[in-house]
Amino acid sequence: MGILPRRGTSVARTWLMLELIVRCTFVKGTIIIPSYNACERLYYNLLSLNFQDYPHDQFEVIVIDNGSADNTAIMLSEFPASFRLKTVRVDENKGIAHGRNQGIIKASGDILIFHDSDMIAEKSFVRKHIEAHQNDNTVICGSIWMEIFTYYYKNFEDFRIPEFNKVKDQFDFQSEDLDLDVRPVIPREKIIDGSFINYSFRKDTPFIQSLESVIQEFGLDLNGYHLPWRFFITNNSSVPRSKVVEVGLFDEKIVNWGFEDYDLGIRLYKSGCHFKLLDIVNVHQAHPRNYARGEALKSFDYICDKYNEPPHIDIVLACITTFLRGSLSIDEKDLNYIVEDLYTLQKMGKYNRLLSYFLALIQIKKESILNKLKNQVRKMPIVSMLDSELELQLNELVGINETVYFVHVLLDLQKEHKGT
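For clarity, every value in this text was computed on a predicted model and none was experimentally measured. (Residues numbered from 1 in each chain as written. Predicted model: local features only at pLDDT ≥ 70, side-chain atom pairs only at ≥ 80, totals over all residues. Heavy atoms only, no water.)

1. Concerning the packing of helix 11 (residues 295-306) against helix 12 (residues 313-323)
Describing two packed helices takes the angle between their axes plus the distance from one axis to the other. In contact at an axis separation of 9 Å, helix 11 and helix 12 are set at 160° when each is read in the N-to-C sense. Relative to helix 12, the element helix 11 lies roughly antiparallel. As for how helix 11 packs across helix 12, the hand of that crossing is left-handed. Side by side, helix 11 and helix 12 meet where Ala296, Leu297, Phe300, Ile303 and Cys304 of the first sit next to Val316, Cys319, Ile320 and Phe323 of the second. (Axes fitted to C-alpha atoms, helices over the stretch in contact; angles between N-to-C directions. Helix = DSSP H or I, 4+ residues; strand = E, 2+ residues; numbered from the N terminus. Parallel < 35°, antiparallel > 145°, perpendicular 65-115°, else oblique. Left-handed = near helix turned anticlockwise from the far one by under 90°. Contact = heavy atoms within 4.5 Å.)

In structure tokens form, the structure reads like this:
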């Protein structure tokens, strides 16, 4: 006798209905896309997802309309999705962290794929993300290097114009088009057939260059690299939903632009996740800035305050080195060595006051730079360590030839502090 009920019975029909419900609701991946006043770029994003080479019944897309005032809602209601498309309307924009969390709450997939509204996915995007997750402890970070002009915007910032001029000859673009507020330059057919990738170009910014230098040094598996969360950019990354829930989702106190992805990446890394880089391609659509000047500075300030404790010095140090580029004269290789020294000191357990002193010095460095940027006087951290105590502990470290990079930077910071 089989354990399943015979066909035709009411119990059998119930089993069949339950089976169909499971089949209809279970998906392997959920793509999370927050969007704010990006209707035309979001349309191209969704269009690219219509032509993925992964089974469309195995992933869903959740778009969070984060208080948009354009035609986003209408476009979403009319979009002919070949996958399961869910939309969440947030009437009041409370920040992108809040928006993404609304999508995570609604997600059915075991794997969350983060994909911003202004991205276009290459055909293998979904497949590569989902197939890369062979265990529940992996964070996948895709390529963030590529950009494309899908639209010309009359209100492009000045730095965008030379970039556009370099590539505009590829398009059927006339001088009178410059008078239009928004003008498409890549037709939808090129999104459908995937040839849009031929019009993309590699971004070349100091931030990109720094991450590329890390890859050259440590490889795509980032073996020996202590700050892999710096690659966790939420326009092309994926992580098991269970891990995101475990570490507490995105921090909704980050209401300004930037650092909400770093913050989640930090917590994932500190929880024991393994980060891996893969050649998963999506392309950023160039557009006018959609956040106010100074927002990133506020988010940076918040992160430095949130992690202002000796066990998290590596985070504060990396954020200052990244955001206030050149402020500490540390290259990527040396930064990793210093973080390694910090871990060594923390394991020793006898240098907590020295670590607190170092943390205060780098926070003072940050505050002095922000004072100049904001043209205001901010409250400085208090530094308290006797010179005799400092000298004794540094001599100990030098004597055992430990933490050489840490000692060098600390002495530079102390010299600068005493000179102010």
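2. A look at the pattern of salt bridges
The final tally for this structure, using the stated rule, is 24 salt bridges. Between aspartate 91 and arginine 89 there is a salt bridge whose closest N-O contact spans 3.2 Å. Linked through salt bridges whose partners overlap, the residues forming this network are Asp251, Asp263, Arg267 and Lys306. (Salt bridge = Lys/Arg side-chain N within 4 Å of Asp/Glu carboxyl O.)

3. As for the packing of helix 8 (residues 206-218) against helix 13 (residues 332-348)
Orientation of helix 8 relative to helix 13, taken along the N-to-C sense of each, is 70°, at an axis distance of 9 Å. In terms of orientation, helix 8 and helix 13 fall into the roughly perpendicular class. Within the contact between the two elements, helix 8 uses Ser210, Ser213, Val214, Glu217 and Phe218 and helix 13 uses Glu332, Lys333 and Asn336. Residues that form the contact of helix 8 with helix 13 fall into these classes: two nonpolar, three polar and three charged. (Nonpolar A, V, L, I, M, F, W, Y, C, P; charged D, E, K, R; others polar.)

4. Thoughts on the environment of valine 61
With respect to the element layout, valine 61 can be found in strand 2 (residues 59-66). The contact partners of valine 61, leaving out residues within four places of it in the chain, are Ile31, Ile33, Leu46, Leu49, Phe83, Arg84, Leu85 and Lys86.

5. Quick word on the side chain of glutamine 414
One can find glutamine 414 in helix 16 (residues 404-419). For glutamine 414, a relative accessible area of 13% gives the class buried. Excluding residues within four positions of it along the chain, glutamine 414 makes contact with Tyr357, Leu361, Asp387 and Leu390. (Buried < 20%, exposed > 50% of the residue type's maximum accessible area, 1.4 Å probe, protein only.)

6. Concerning helix 13
Look at helix 13: 25 Å from first C-alpha to last across 17 residues, which is about the 24 Å you get at 1.5 Å a residue. Listed in full, the buried residues belonging to helix 13 are Glu332, Leu335, Asn336, Ile338, Val339, Asp341, Leu342, Tyr343 and Leu345. Where helix 13 starts, the residue carrying a side-chain oxygen 3.3 Å from the main-chain nitrogen of lysine 333 turns out to be aspartate 331. Just downstream of helix 13 lies glycine 349, where phi reads positive at about 80°. (Expected span 1.5 Å × (residues − 1). Polar contact = N/O pair within 3.5 Å; in protein donor to acceptor, adjacent residues only side chain to side chain.)

7. Some thoughts on the sheet that holds strand 2
What the seven strands build is an open sheet, ordered 3-2-1-4-11-6-12; its pairing is mixed. Two strands bound the open sheet, and with one partner strand each, they are strand 3 (84-90) and strand 12 (274-277). Direction aside, neighbouring strands of the sheet carry axes that sit 20° apart on average. Helix 4 (residues 96-106) contacts strand 1 (29-35), strand 2, strand 3 and strand 4 (111-114) of the sheet and is inclined by roughly 145° relative to strand 2. (Pairing = 2+ DSSP bridges.)

8. Focus: the packing of aromatic side chains
Centre-to-centre distance and the angle between the planes together describe a pair of aromatic rings. Overall, the coordinates contain 26 aromatic pairs when judged by the stated rule. Relative to phenylalanine 250, the ring of phenylalanine 114 lies with its centre 5.4 Å away and its plane at 85°, an arrangement referred to as edge-to-face. Residue phenylalanine 114 is found in strand 4, and its partner phenylalanine 250 is found in the loop between helix 9 (241-247) and helix 10 (260-270); the two are separated by 136 residues along the sequence. Each member of the pair, phenylalanine 114 as well as phenylalanine 250, carries the same accessibility label: buried. (Phe/Tyr/Trp six-rings, centres within 6.5 Å; stacked < 30°, edge-to-face > 60°.)

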